[in-house]
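Inside the fold
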Amino acid sequence: MPALAVDATAPVAHAFGACDAARFAAPLLLGPADVVSAAAEKPAWSPDLSSALYNVDGWGAPYFFVNDDGDIAVRPHGAATLPGQEIDLAKVVARAAGQLSAGGLGLPLPLLVRFPDVLRHRVETLNAAFNYAVSSTGYGGRYQGVYPVKCNQDRYVVEDIVEFGAPFGFGLEAGSKPELLLTMSCLAARGSPDALLICNGYKDLEYISLALIARTMGLNTVIVLEQEEELDIVVEASRRLNIRPVVGMRAKLRTKHAGHFGATSGEKGKFGLNAAEILSVVAKLKALGMLDCLQLLHFHIGSQIPTTALLADGVGEAAQIYCELARLGAAMRVIDVGGGLGIDYDGTHSAETDMSVAYSLEEYAAAVVAAVGRVCDRKGVQHPVICSESGRALVSHHSVLVFEAFSASAPASNIDSATAYLLDELTDDCRGDYRNLMAAAVRGDFETCALYADQLKRRCAEQFKEGVLGLEHLAAVDGLCEIVARGMGAAERPRTYNINLSVFTSIPDMWAIEQLFPIIPIQRLQERPAVDGILSDLTCDSDGKVDHFIGGRSSLPLHELPSHGTRGYYLGMFLGGAYQEALGGLHNLFGGPSVVRVSQSDGPHCFAVTRAAPGPSCADVLRAMHHEPEVMFEVLKQRTTDDGATAAALARAFGAMPYLSFDNEVVEMASGMSSDSEGSAAGAAEDDDEWEFMRGLTV
């Protein structure tokens, strides 16, 4: 390290009026002229700039955008939405979370907002894309998709999809006995008679018997063999019930993609039959006189298929198997291409990561239809019905998770003159580092300045551990080094925003497989987001945070929290309608969010809340873990000694949601927020205070 000839025992002058302030402050402010100018002259901010900053048009189109009020708004009918039909998400939250006395619904946050109109649009758009691909290419078959309920088993989501899909013969896919029961019930009540009911997953006798019984109810049920031994169970059940089955097979393809979701495909995939097993099943069915029961081929390359080239390769391979089964005598009529239709989570429209895909829905449909048609034409096989299990693409957009940031870590602290004098009390070696640091700062030698700052902090930390220095000295040195770093142009560390949410419960894929979802403020987007922040949830777990965001960011541009005593800084997590609800657990016994169902209407705010439900209470989540809230309450009640107030408080606690509640909460979505200009002025004042301190230090 460069050394300076300094006398470590000499006193350090702190007299604020006795030093040459300009001589010391100027070096710390040195930097490229354009950077200094840009910091001094901030351009006006606008909703369009926020939209570009968060790439809303990239991942949100055609459903989400930033309106002129700086709020996230929803186009419930996609690009066909008329100007008077757009729904302001901030107003929805204000209505849902507002106090009952003020006309609100009084729902505690976090809040899941469902938009069934978006769900309808997704169903219609998927079917329109395939129907156009069929008609434009002269394909001889038709498209008839199914929704895999594992993506989101919520009753109203499944019922909506069946209702919206009935004109297209759209069906459902089940992967377990409970899912089979709900799909049977829903299709029997609301579905088209032609709708497929695809039975996937591991199967036992009870599962297969249930699927066969569904055929007696008029449901178009197909039992897909995931393993060769399942055929024996199908044969046994069909003979016992005297019901002739319709059977499909899941094939293990050689084609797979390299991303995280590609691990479920290929020759080593979890499910499916290889070539030898397929031939064995065909031979057994032929020997039993049941080869006509084999009518469907299913495969799955993996979720989030990145390109149509890979898609066409896999579909082409499967179509070859389909044609071979037809040649061998099976009564083939359906090719089920499985899932894989991807979502553009980061808005880049690229194949670089699992967070995006390099095609549109229309391009996906065209690639599938073309690949199947090309192989069947070459083999002289009749074009089959094309089925897909596109769950993620159907339900991801229809819901938004809204949660509140209720507090944030303080910005870097200033050091006043009283604290500054603590630096006089450092040991000789620390004082030497300190004086060398100051000398390097005066010279503008930022590299040397950083080296001495680092050495000073390390030396003081060691002396603190040995009991030589006090906590006040450590804080003074940390503050000094922070100011020096900022003076050299170092970026301020991201601040931590505490959010009223459990990542494990509501965004489990973000924790478990590092899936990224768009997270942005849902209001105040006409203001400059001047703070870089990370999000820390309520759980007692260091993993309960969000510190990776779309666009490769390790922090999220945020606004200063309201400083006037009201709550109301709300963030939205988008594109999370698939998997998150079912995968979420009960870590720390935080349950699910409150839920509202919002439809477009002709009312004054363009929306109507058609269903609202608070999230699970403390009693509910305790029951889920086999506790008995009623017994617990009685045990605690017996310990109370007052006139009933304590018992009433206990009862309220059992009935409340596990998340934080604020009794005096006032929901203000569009007013009362601190402005960008106020934030800028506050920041400028902090800078002035810091530099006043720095000007009081001399070599």
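Quick caveat, the model's predicted, so the values are computed rather than measured. (Residues numbered from 1 in each chain as written. Predicted model: local features only at pLDDT ≥ 70, side-chain atom pairs only at ≥ 80, totals over all residues. Heavy atoms only, no water.)

1. Regarding the packing of helix H23 (residues 629-637) against helix H24 (residues 645-655)
- Direction vectors running N to C along H23 and H24 enclose 160 degrees, while the axes themselves pass 10 Å from each other. By the angle between their directions, the pair H23 and H24 is classed as roughly antiparallel. H24 is crossed by H23, and the crossing has right-handed handedness. Counted together, Pro-629, Met-632, Phe-633, Leu-636 and Lys-637 of H23 and Ala-647, Leu-650, Ala-651 and Phe-654 of H24 form the full contact between these two elements.
- Looking at the contact of H23 with H24 residue by residue, the class counts come to eight nonpolar, no polar and one charged. (Axes fitted to C-alpha atoms, helices over the stretch in contact; angles between N-to-C directions. Helix = DSSP H or I, 4+ residues; strand = E, 2+ residues; numbered from the N terminus. Parallel < 35°, antiparallel > 145°, perpendicular 65-115°, else oblique. Left-handed = near helix turned anticlockwise from the far one by under 90°. Contact = heavy atoms within 4.5 Å. Nonpolar A, V, L, I, M, F, W, Y, C, P; charged D, E, K, R; others polar.)

2. Concerning a nonpolar patch on the surface
- Together, Ile-213, Met-217 and Leu-241 make up an exposed nonpolar region whose accessible area comes to about 240 Å².
- Within the fold, Met-217 resides in the loop between helix H9 (205-216) and strand E8 (220-225). (Patch = residues over 30% accessible without salt bridge, like charges linked within 9 Å, V, L, I, M, F, W, Y side chains within 5 Å. Areas by Shrake-Rupley, 256 points an atom, 1.4 Å probe, with all protein chains shown as cover. Salt bridge = Lys/Arg side-chain N within 4 Å of Asp/Glu carboxyl O.)

3. Focus on the side chain of Glu-389
- Here Glu-389 lies in the loop between strand E12 (385-387) and helix H14 (391-395).
- Despite being buried, Glu-389 has no salt bridge partner; Lys-150 is the closest side chain of opposite charge, sitting 6.3 Å away. (Buried < 20%, exposed > 50% of the residue type's maximum accessible area, 1.4 Å probe, protein only. Lys, Arg positive; Asp, Glu negative; His and termini not counted.)

4. Some points on the sheet that holds strand E2 (residues 72-74)
- With antiparallel pairing, the three strands of this open sheet are ordered in space as E1-E2-E3. Edge strands, defined here as strands with exactly one partner in the open sheet, are strand E1 (64-66) and strand E3 (87-88). (Pairing = 2+ DSSP bridges.)

5. Structural notes on the packing of aromatic side chains
- Tallying each qualifying case throughout the model produces eleven aromatic pairs.
- One aromatic cluster in this structure is built from Phe-130, Tyr-143, Tyr-359 and Tyr-364.
- It is Arg-75 that lies over the ring of Phe-65; its NZ or CZ is 3.8 Å from the centre.
- The positively charged end of Lys-203 is found above the aromatic ring belonging to Tyr-207, 5.9 Å away from the centroid. (Phe/Tyr/Trp six-rings, centres within 6.5 Å; stacked < 30°, edge-to-face > 60°. Lys NZ or Arg CZ within 6 Å of the ring centre and 35° of its normal.)

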